[in-house]
Amino acid sequence: MLSRVADAIYWLSRYIERAENIARFVDVNLHLALDQAEPDEDRQWAPLVAVTGDRSDFSERYEVANQKTVVRFLTYDRANPNSIYSCLWAARENARSVREVISSEMWEQVNRSLIMLRDAQTYNPVETDPAAFFSHFREACHLFWGITDATMTHGEPWNFARLGRMLERADKTSRILDVKYFIILPTADYVGSPYDNLQWVALLKSISGYEMYRKCYHDISPDHVAEFLLLNDEFPRSIRFCLAEADQALHAISGWRAAAFSNRAEQQLGRLRSELAYADVDGILAGGLHQYLDRFQAKLNGVGNAVFDTFFAIQPIRRQTQMGSLTQ
Amino acid sequence: MSFHGYQTDQFFDELFERDGKPRAGAQALIDRIEQLAEGELARRQNAAEAALMNLGVTFAVYGDEEGTEKIWPFDLVPRIVEPHDWEHIETGLRQRIEALNLFLCDIYGEQRIINDGVVPRGLIESATAYRPQCMGVRPPNDAWCHITGTDLVRGGDGTIYVLEDNLRCPSGVSYVLENRQLLKRTFPRLFADLAIRPVDDYPIRLRDMLQQLAPTGMYDPVITVLTPGIYNSAYFEHSYLAQQMGVELVEGRDLVVHDGCVMMRTTRGLTRVDVIYRRIDDDFLDPLAFREDSMLGVPGLFDVWKQGRVAIANAPGTGVADDKVVYAYVPDIIRYYFDTEPILANVPTYLCWRESDRKYVLDHLPELVVKSADESGGYGMLIGPQATAAACEEFARRIAANPRKYIAQPVIDLSRVPTITENGFEGRHVDLRPYILYGDDIHVLPGGLTRVALVKDSLVVNSSQGGGSKDTWVLADPKSAAPRNGLSHGVKHA
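The shown structure was predicted, so the numbers you read here are calculated from the model rather than taken from an experiment.

## As for the environment of G380 of chain B
Residue and element names in this part refer to chain B. By the secondary structure assignment, G380 is in the loop between β16 (368–372) and β17 (381–383). Taking C-alpha positions, G380 is 9.6 Å from F395, a pair spaced 15 residues apart along the chain. Beyond its immediate sequence surroundings of up to four residues, G380 is in contact with V370, K371, S372, E375 and F395.

## What about the sheet that holds strand β22 (residues 442–444) of chain B?
Residues and elements named next belong to chain B. Taken in spatial order, the three strands line up as β4-β21-β22 in an open sheet, and their pairing is antiparallel. Sheet topology places β4 (147–149) and β22 at the edges, where each strand pairs with a single neighbour. When the angles between neighbouring strand axes are averaged without regard to direction, this sheet yields 15°. In this sheet, strand β21 (residues 435–438) lies alongside β4 in antiparallel orientation, the contact comprising three bridges. Pairing of T148 across the sheet is with I436, part of β21. Against the sheet, helix α3 (residues 83–107) touches β4, β21 and β22, its axis set at about 140° to β22.

## Focus: the confidence of the model for chain B
All names here are of chain B. Scored by pLDDT, chain B comes out at a mean of 89, with 93% of its residues at no less than 70. Note that residues 484–494 has pLDDT below 50 and, in this model, 29 contacts with residues that lie over four places away or in other chains. Under the prediction, the complex receives an ipTM of 0.76, its pTM being 0.84.

## What about the interface of chain A and chain B?
Taken together, the contacts link 34 residues of chain A with 35 residues of chain B. Around 3,100 Å² of area is buried between chain A and chain B when both sides are counted, 48% of it from carbon and sulfur atoms. Its largest share of buried area at the contact with chain B, chain A owes to L2, R4 and E100 of chain A, together 21% of the area lost on that side. Of the charged contacts in the structure, one is a salt bridge between D254 of chain B and R4 of chain A, with a shortest N-O distance of 2.5 Å. Our enumeration of links across chain A and chain B arrives at 14 residue pairs in polar contact (both at pLDDT 80 or more). Among the elements of the structure, α1 (3–35), α5 (84–97), α6 (104–123), α9 (156–184) and α17 (319–327) of chain A are those that each provide at least two residues to the side of chain A that touches chain B. Tallied by class, the residues present in the side of chain A that touches chain B amount to 16 nonpolar, seven polar and 11 charged.

## Examining the domain arrangement of chain A
All names here are of chain A. We note that the domain assignment places domain 1 (1–151) and domain 2 (154–315) within chain A. The C-alpha centroid of domain 2 is placed 20 Å from the C-alpha centroid of domain 1. Contact residues are listed per partner, giving 28 residues for domain 1 and 34 residues for domain 2. Put simply, domain 1 and domain 2 have six salt bridges between them. Put simply, E17 and R169 hold a salt bridge, and the shortest N to O gap is 2.9 Å. Between the two partners, domain 1 and domain 2, sit 12 residue pairs in polar contact (both at pLDDT 80 or more). Secondary-structure elements contributing two or more residues to the side of domain 1 that touches domain 2 are α1, α2 (41–52) and α8 (130–151). Element by element, the count of residues in the side of domain 1 that touches domain 2 is highest for α1, at 17 residues. Grouping the constituent residues of the side of domain 1 that touches domain 2 by class yields 12 nonpolar, seven polar and nine charged.

Rules used throughout
Residues numbered from 1 in each chain as written. Chains lettered and ligands numbered in written order. Predicted model: local features only at pLDDT ≥ 70, side-chain atom pairs only at ≥ 80, totals over all residues. Heavy atoms only, no water. Helix = DSSP H or I, 4+ residues; strand = E, 2+ residues; numbered from the N terminus. Contact = heavy atoms within 4.5 Å. Pairing = 2+ DSSP bridges. Axes fitted to C-alpha atoms, helices over the stretch in contact; angles between N-to-C directions. pLDDT = per-residue confidence, 0-100. Buried area = accessible area lost by both parts, 1.4 Å probe. Salt bridge = Lys/Arg side-chain N within 4 Å of Asp/Glu carboxyl O. Polar contact = N/O pair within 3.5 Å; in protein donor to acceptor, adjacent residues only side chain to side chain. Nonpolar A, V, L, I, M, F, W, Y, C, P; charged D, E, K, R; others polar. Domains from an automatic or database assignment.

Printed below as a string of structure tokens:
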């Protein structure tokens, strides 16, 4: 398939997943805010800006980080490239450029979602009924994935979609874990309090993981939550699971045998997978969860770059670089 | 909604006789619409528009920042073409396309028609779309204009005229196919009862034609549609046609010339391309051959084409034959190559570079339509009867400054078709663009794009100027065995 098309499908998929995750971030924070006796808005909302967007970009346009400003920044702010609106717009532009490759149903779903988002601005449900807004939006994203799997041939283009989606999801799960761990564990004496339990439940619910978590663990503890999100083999939003899926997609694209590599993208992802395969949660926490997630995100970016170099940046050999410079 | 009180005024109406009776072929449609419950037609119209919006069947409006995409207004009442009219149109178009193709072979070859004094040399060489780079090139099967969308209009007395020959990258065929799908959903029973000729096989025929252009003996050539990209006003159509034909949609940046061939960049390296259906103007096709500053094209593409290692449809240089001044010579061109009279009439045309014509034009501006020879889309034109005195003066100045660039024609009272308006049905002016494929044989799509000027009394049907579209129903001749809608091999629709 065309490199440009593979690139567009990969990003279409990443942007939808990103928008969905931002909706989850905001939603869980809104829930937490409801349970808090003495809300410390800045402490609760500022970290969201840091993990999803650009802090300096935010402070240029907003004076304080509170529920109202951060929610606006993350939902409808078109100047923020990582707002839900911007992501969905980018997803749609990508979809538009590959309409002939994806199924019409997929295109219609992306198009409809953006129209819905645009129309919703007029009656502003983000402020009047945020719970309904975010759950509706999440459903629209779920519908997109369902349509994708059910209507698109599971060939090379579909595998690029799967690759983009899983890499993005792994990244976002690591971020949601990072920021929540930071907020929910302010001081040691919070641990074990009823309030603490509520927070972990909210976190798990925000990634649709509460019920699945409960099937694995009987108690709610920070260590177990971290283990569940990082190392569970079967939960579809856990990082280990996402990387395994991404790895399968890469191998389906190359046709290479599993547990070996034929290009740099497979090599880097394979290494990262093995690290996670032999990691345990105690070791991770002992070295500091935040530090661990930081390193993980950097390596995941490396995988993303390798995907770009391997598949999307196909440059013709020698002479064409001269040709290229002629056109500039 | 009812047709009671519908007025044809002094115009030719495509559905009604002058005395207000429905034309024979339109009777069933009129009856069906009259049977619909009050408000039902409006409901179906809204449903159709919502479907277009969700499908993203849109066009971009240049210079309109927010909401750059709009659905193209669509009117549910179709235009009906009766069999004898269609037969006349089809034979006329075949004759015209064949002549124009011979003309292109000749212009870029021996130039007999110039040497014999039928078409002035200066006229050809001053045409903006003339490409001296194409001299001596022999494209596959000597075919230059593979896809044509000729604009036809009907005057007050019922005569059908050719208004323009669009030989470069005529657009709009995707709307023909989409409009038909919508109408089938809206009036399913009529399709069952009437013998409406199908248009759905256009993408299959287009692909077959493109396949014929590939080097002979090639079993499975790589065919592509070349688009300027998603910000082009006709992007939807490019994407749609690629999808319906099952071929790659490429942009200039996907292609590269390597080892004397055109290649596309894929996830597995470079793959050779054999046929390009380009939807980019000549100017932007190849910065090495044409405009240097083009970012849309492929450096070196023209050379590969000249050497016959890639086919391009339409061939570079075809635009010279739809120059509006050359247009005036088409009847002579037909007579020259075939020694027979043209079947379809031209609109009488005054060429401003002829002194006598220019004098007449300048004296009669308020009665004439003046067009720039090399612009399209309803831009750069003056409609005398509706223009202000200042606009007329402005055009008089422009004509005096550059007479080669302008032609003038009498105003044709375009025929009308009933159209849904706030005041019920009213007549609106229409034109018709049938599509012609020139491959091993000539195929005229039985139907075409009926563009309608939605503004009352307006004669400008272009989408950029407030025009909309209608489905076009060509009725099958009951005597002939042309396939009916239900029997055709259907293309699965998006």
